[in-house]
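Structural description and commentary
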Amino acid sequence: MHVPDGFLDAPTSLGTAVVAGGGVAFALVRASRRELDDRTAPLAGLVAVFVFAAQMVNFPVGAGTSGHLIGAALAAALVGPATATLCLTVVLAVQAFLFADGGVTALGTNLLLMSVLAVWVGYGVTRVFLAVLPRRPGSVPFAAAAGALVSVPAAALAFVGLYALGGAAPIPLGALVTAMGAWHVVIGVGEAAITFLAVSSIIAARPDLVHAARGRLPVLELRTPEPVA
Amino acid sequence: MSTRTRPSTRRLVVVGGLVSLLVAGVLSVFASASPDGLEHVAGTLGFADTARDSAAAGSPLADYGVGGISNGALSGGLAGVLGVLATAVVMAGLVLLLRRLGRGRG
């Protein structure tokens, strides 16, 4: 999903960089005011590191094609959407500048697609599922997996939209929608599976740190035993 | 909730960090080398050749290898470990900065 330099023309790349910059600035403010506290901050670091690592492991999806985790819905469920945007932003910047993975002039495009759009779409779908699933921590991995499943084709189709605005080569849009959508639905299934496993692990170990489990932990009641007469 | 004791945050981060190092340093060596979804689509629809080399293509870590190490698995695994460390340092710096600014605002 990492867009290289050259796929999109300069005005479109610049436009996506401006919008992505706005999204990241919003995330900086929101994360520091509403999500990051001394208790949850270490998990934000762990999520960024895990997403970087997992993104290195391409899994085959058939016909000589592979996919890898984006981690947007995973991060949003664990540390909240604004902090997730910051995690993905750090990962994408490290990849672009150190590993030449994803273009440098395309960094704004990749930030917009993965650290802003995939995060908020994934988180939105996760919240919808949380609203209907039983109100306990065990529901969180299922809701996060659903968000993950949708977030990948959503980012792929958003790329098609950007390509329609400023693609370098004239490509029939219908064919691009079909190909990008179909492959990324399959990759989304892998994304959902990894997200389910990762979120389940943290829910099992420390549900109290998980953003999407807020308000779903049993309230501890202090009871004084009845005096025996 | 169960009554078993939960691991401390420190323990969770240490174990999670070790898992991440294993994934980036070892498991990544076995990753599929096939083009990803976007590269595949670009190839079949005929716009793959519009990609240009990134300005960072000359980085010693470009394409998840360490320049100068010819053994593919060693080079890729070491690049993964260095990437995990770089991500950890940048993210920790950002979080600490935000926490400090957040406290300053009250």
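Residues numbered from 1 in each chain as written. Chains lettered and ligands numbered in written order. Predicted model: local features only at pLDDT ≥ 70, side-chain atom pairs only at ≥ 80, totals over all residues. Heavy atoms only, no water.

1. Description of the pattern of salt bridges
Side chains carrying opposite charge are able to pair once their charged atoms draw close together. All names here are of chain A. Keep this limit in mind: Salt bridge, as used here, is a side-chain nitrogen of Lys or Arg placed within 4 Å of a carboxyl oxygen of Asp or Glu. Note on conventions: DSSP H or I runs of at least 4 residues are helices, E runs of at least 2 residues are strands, and numbering of each starts at the N terminus. Each residue is placed in one exposure class: buried if its accessible area under a 1.4 Å probe, protein chains only, is under 20% of its type's maximum, exposed if it is over 50%, and partly exposed if it falls in between.
By the definition in use, this model includes 5 salt bridges over all chains. Here aspartate 208 makes a salt bridge to arginine 39, at a shortest N to O gap of 3.3 Å. Linking aspartate 208 in the segment after helix H7 (173-205) with arginine 39 in the loop between helix H1 (10-35) and helix H2 (41-55), this pair joins segments that are 169 residues apart in sequence. Two residues, arginine 206 and aspartate 208, come together in a salt bridge whose shortest N-O distance is 2.9 Å. What makes arginine 206 buried here is its relative accessible area of 9%.

2. What about the side chain of Asp36(B)?
Under the convention used in this document: When charges are tallied, Lys and Arg are placed among the positive residues and Asp and Glu among the negative ones, while His and the ends of the chain are skipped. Throughout this description, a polar contact denotes any pair of N or O atoms lying within 3.5 Å of each other; where both atoms belong to protein, one of them has to be capable of donating a hydrogen while the other can accept it, and for residues adjacent in sequence the pair is counted only when both atoms sit in side chains. Contact definition: two residues touch when any of their heavy atoms are within 4.5 Å.
Within the secondary structure, Asp36(B) sits in the loop between helix H1 (9-25) and helix H2 (37-45). Buried within the structure, Asp36(B) lacks any salt-bridge partner; Arg52(B) is the closest side chain of opposite charge, at an N-O distance of 18 Å. Only 3.2 Å separates the side chain of Asp36(B) from the backbone nitrogen of Leu38(B), close enough to count as a polar contact. Ignoring anything within four residues of it in the chain, the contact list for Asp36(B) reads Met1(A), His2(A), Asn58(A), Thr65(A) and Ser66(A).

3. With respect to empty space enclosed by the protein
Under the convention used in this document: Using only the protein atoms, space was sampled on a 1 Å grid; points where a 1.4 Å probe fits but cannot get out form cavities, open sets with protein on both sides within 12 Å along at least five of seven lines form pockets, and lining residues are those with an atom within 4 Å of a point. Grid points are joined across faces, edges and corners, and a volume is the space filled by probe spheres set on the points. Each residue is assigned to one of three groups, with Ala, Val, Leu, Ile, Met, Phe, Trp, Tyr, Cys and Pro labelled nonpolar, Asp, Glu, Lys and Arg labelled charged, and all others, Gly among them, labelled polar.
A full pass over the atoms with the stated rule returns 3 cavities of 30 Å³ or more. Its boundaries defined by the atoms lining it, the largest cavity holds a volume of some 60 Å³. Taken together, Met1(A), Gly67(A), His68(A), Ile70(A), Val152(A), His184(A), Ile187(A), Asp36(B) and Gly37(B) form the lining of the largest cavity. Residues that form the lining of the largest cavity fall into these classes: 4 nonpolar, 4 polar and 1 charged. Considering only enclosed or pocket space, the second largest cavity measures out at about 50 Å³ in volume. Taken together, Glu35(A), Leu36(A), Thr40(A), Ala44(A), Leu78(A), Val79(A), Thr83(A), Leu209(A), His211(A) and Arg214(A) make up the full set of residues lining the second largest cavity. A class-by-class count of the residues in the lining of the second largest cavity yields 5 nonpolar, 3 polar and 2 charged.

4. Details of the nonpolar core
Note that soluble globular proteins tend to have their nonpolar side chains buried in a common cluster. Here is the rule: To qualify as a nonpolar core, a set must consist of buried Ala, Val, Leu, Ile, Met, Phe, Trp, Tyr and Cys residues joined through side-chain atoms within 4.5 Å.
Grouped together as the largest cluster of nonpolar side chains are 98 residues, with contacts concentrated most on Leu43(A), Leu78(A), Phe159(A), Tyr163(A) and Phe47(B). Here this core takes 12 residues from H2(A), the largest share from any one element. Setting aside its immediate chain neighbours within four residues, Phe47(B) contacts Phe7(A), Phe159(A), Tyr163(A), Ala169(A), Ile171(A), Leu176(A), Val41(B) and Ala42(B).

5. Side note on the environment of Met1(A)
Within the element layout of this structure, Met1(A) appears in the segment before H1. You can call Met1(A) buried: its relative accessible area is 6%. Along the chain, Met1(A) and His184(A) lie 183 residues apart, while their C-alpha atoms are 9.0 Å from each other. Those residues in contact with Met1(A), other than ones at most four positions away along the chain, are Ile70(A), Asn110(A), Met114(A), Val152(A), Ala155(A), Ala156(A), His184(A), Asp36(B) and Leu38(B).

6. Considering the interface of chain A and chain B
This is how it is decided: Two parts placed together each lose some accessible area under a 1.4 Å probe, and the buried area is that loss summed for both.
Tallying the contact residues gives 69 residues for chain A and 58 residues for chain B. Both faces considered, chain A and chain B share a buried interface measuring about 5200 Å² in area, 72% of it formed by carbon and sulfur atoms. Counting the surface chain A buries against chain B, the share from its top three residues, Phe7(A), Met56(A) and Phe99(A), is 13%. The salt bridge involving Arg99(B) is made with Asp38(A); its shortest N-O contact spans 3.0 Å. The tally of links between chain A and chain B comes to 14 residue pairs in polar contact (both at pLDDT 80 or more). Elements with a minimum of two residues in the side of chain A that touches chain B: H1, H2, strand S1 (59-62), strand S2 (65-67), helix H4 (81-98), helix H6 (140-166) and H7 of chain A. Considering each element in turn, the side of chain A that touches chain B owes the most residues, 12 residues, to H2(A). Residue composition of the side of chain A that touches chain B, grouped by class: 50 nonpolar, 11 polar and 8 charged.

7. Section: the confidence of the model for chain B
Close reading of the predicted structure is inappropriate where its pLDDT is low. The test is simple: Scored between 0 and 100, pLDDT is the confidence that the predictor attaches to each residue.
When pLDDT is averaged along chain B, the result is 91, and 92% of the positions lie at 70 or above. Mean pLDDT across the secondary structure elements of chain B bottoms out at helix H3 (residues 72-105) of chain B, with 91, and peaks at H1(B), with 97.

8. Looking at H4(A)
Residues separated by three or four positions in an α-helix point in the same direction, a consequence of the helix having 3.6 residues per turn. Residues and elements named next belong to chain A. To keep things clear, this is the line we draw: Each helix should span, by expectation, one fewer than its residue count multiplied by 1.5 Å.
With 18 residues, H4 should reach 26 Å at 1.5 Å per residue; the first-to-last C-alpha distance of 25 Å fits that figure. With 15 of 18 residues buried, H4 is to be regarded as a mostly interior element. Residue alanine 100 follows H4 closely and has a positive phi angle near 55°.

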